[in-house]
Amino acid sequence: MKQEVDDKRLIASVVLLERFVRDIYPTKHSSAIQPLQWSILRYLARTPADRCEVRWIAQFLGLTRAPVTRAIATLESRDLVKQQISDEDARTKTVTLTTLGVKTLAEDPIVLAAERIRILPKIDQEQFVRSVRSLALNYGSNSHE
Amino acid sequence: MSNQKRILLVEDDPDIRAMITAFLAPTDCEVTETDNVDVAMRELANGRSFDLAILDFWLGNIHTVAIMDAIQSKVREVPIIIISGGNGSMDLERTEAISDVSGAVMFLQKPFRKADLLAAVASAIR
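These figures come from a predicted structure and were not determined experimentally. (Residues numbered from 1 in each chain as written. Chains lettered and ligands numbered in written order. Predicted model: local features only at pLDDT ≥ 70, side-chain atom pairs only at ≥ 80, totals over all residues. Heavy atoms only, no water.)

> Teacher, can you tell me more about the packing of helix α1 (residues 14-24) of chain B against helix α5 (residues 114-125) of chain B here?
Two quantities define a packed helix pair, namely the angle between the helix axes and the distance between the axes. Residues and elements named next belong to chain B. The N-to-C vectors of α1 and α5 enclose an angle of 65 degrees; their axes lie 10 Å apart at closest approach. Read as a crossing pair, α1 and α5 show a hand that is right-handed. Contacts between α1 and α5 involve Ile20, Phe23 and Leu24 from the former and Lys114, Leu117, Leu118 and Val121 from the latter. Along the lines of polarity and charge, the residues of the contact of α1 with α5 split into six nonpolar, no polar and one charged. (Axes fitted to C-alpha atoms, helices over the stretch in contact; angles between N-to-C directions. Helix = DSSP H or I, 4+ residues; strand = E, 2+ residues; numbered from the N terminus. Left-handed = near helix turned anticlockwise from the far one by under 90°. Contact = heavy atoms within 4.5 Å. Nonpolar A, V, L, I, M, F, W, Y, C, P; charged D, E, K, R; others polar.)

> Honestly, the sheet that holds strand β2 (residues 30-34) of chain B in this entry has me stumped. Any pointers?
Residues and elements named next belong to chain B. Spatially, the five strands line up as an open sheet ordered β2-β1-β3-β6-β7, and their pairing is parallel. Each edge of the sheet is formed by a strand with only one pairing partner; in this case those strands are β2 and β7 (106-109). Strand-to-strand twist of the sheet, defined as the mean angle between neighbouring strand axes without regard to direction, takes the value 15 degrees. (Pairing = 2+ DSSP bridges.)

> In this structure, what is going on with the layout of surface pockets? I would like to understand it.
Remark: the empty space left among the atoms is shown by a probe the size of a water molecule rolled over them. Size it by volume and the largest pocket reaches roughly 1,900 Å³. Listing elements by their share of the lining of the largest pocket, those giving two or more residues are α1 (2-24), α2 (35-45), α6 (109-118) and α7 (122-138) of chain A together with α4 (92-101) of chain B. When residues of the lining of the largest pocket are assigned to their parent elements, the largest contribution, nine residues, is made by α7(A). Its residues assigned to classes, the lining of the largest pocket comprises 22 nonpolar, six polar and 12 charged. (1 Å grid on protein atoms, 1.4 Å probe; cavity = no way out; pocket = protein on both sides within 12 Å on 5 of 7 lines; lining within 4 Å. Points joined across faces, edges and corners; volume = space filled by probe spheres on them.)

> I'm lost on the interface of chain A and chain B in this one. Help?
Often, the extent of an interface is quoted as the loss of accessible area upon association of its parts. In this complex, chain A contributes 22 residues to the contact, which on the side of chain B involves 22 residues. Summed over both partners, the interface of chain A with chain B comes to about 1,800 Å²; 44% of that surface belongs to carbon and sulfur atoms. Taken as a group, Phe60(A), Arg133(A) and Leu137(A) account for 36% of the area that chain A buries against chain B, more than any other trio of residues on that side. Summed over the shared surface of chain A and chain B, the number is three salt bridges. A salt bridge links Arg133(A) to Asp69(B); its shortest N-O distance comes to 2.7 Å. The interface formed by chain A and chain B includes 12 residue pairs in polar contact (both at pLDDT 80 or more). (Buried area = accessible area lost by both parts, 1.4 Å probe. Salt bridge = Lys/Arg side-chain N within 4 Å of Asp/Glu carboxyl O. Polar contact = N/O pair within 3.5 Å; in protein donor to acceptor, adjacent residues only side chain to side chain.)

What follows is the structure in structure tokens.
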């Protein structure tokens, strides 16, 4: 009986975790920015310009270039990023955030989620951080593809 | 009293280790290098003090999170720079996040340039 209760609690906690993550992304509209696209916006915001090329972004995210190229094209069509021919190599394009991209990133769902966690007691925050780190170390496979 | 900074460098690729050591040579820092988690842990357990740690996240299939935790448990704050080119089982986005969670002050994606490393070191130990 005890084992059943423990299993039920564990599964329920994952349901809550999944809902917590799902709720932070405004996915009610098909035009909503997708998690991979948010990852790219974040990368562009804190990476030197010469590293903002598809190959570097793909390496960082553990993806092939094709899905990254598609995601960047979508972001560009929404005026969140722009692509320019590299000054050093005409075969490559560097990707930068537009003004709208910077403004959009200020509403990054991850930051909003962190705000929700920050209001928890310090001990709960610390347990949360340690638990997600353990999960990531034990289950580190790529998930964007 | 010497003002020389001491750096713990943990990297399993001998070429990259040699390159980092060469990059750091002009800074006049004393570099203790190893390719092994246990050796690094022993250095820390023996009370050896460092001003900075530069850790490759992956030494083969072994991560260096235990070293980060050991450094974080020290009374004296020691900044940590994580370097990584990834590993088949974990992308760099996740690797960087784990590094941040574990107290790293900087994450450098391999391959990096001398200027990137020196800027990171200067920022970490200023």
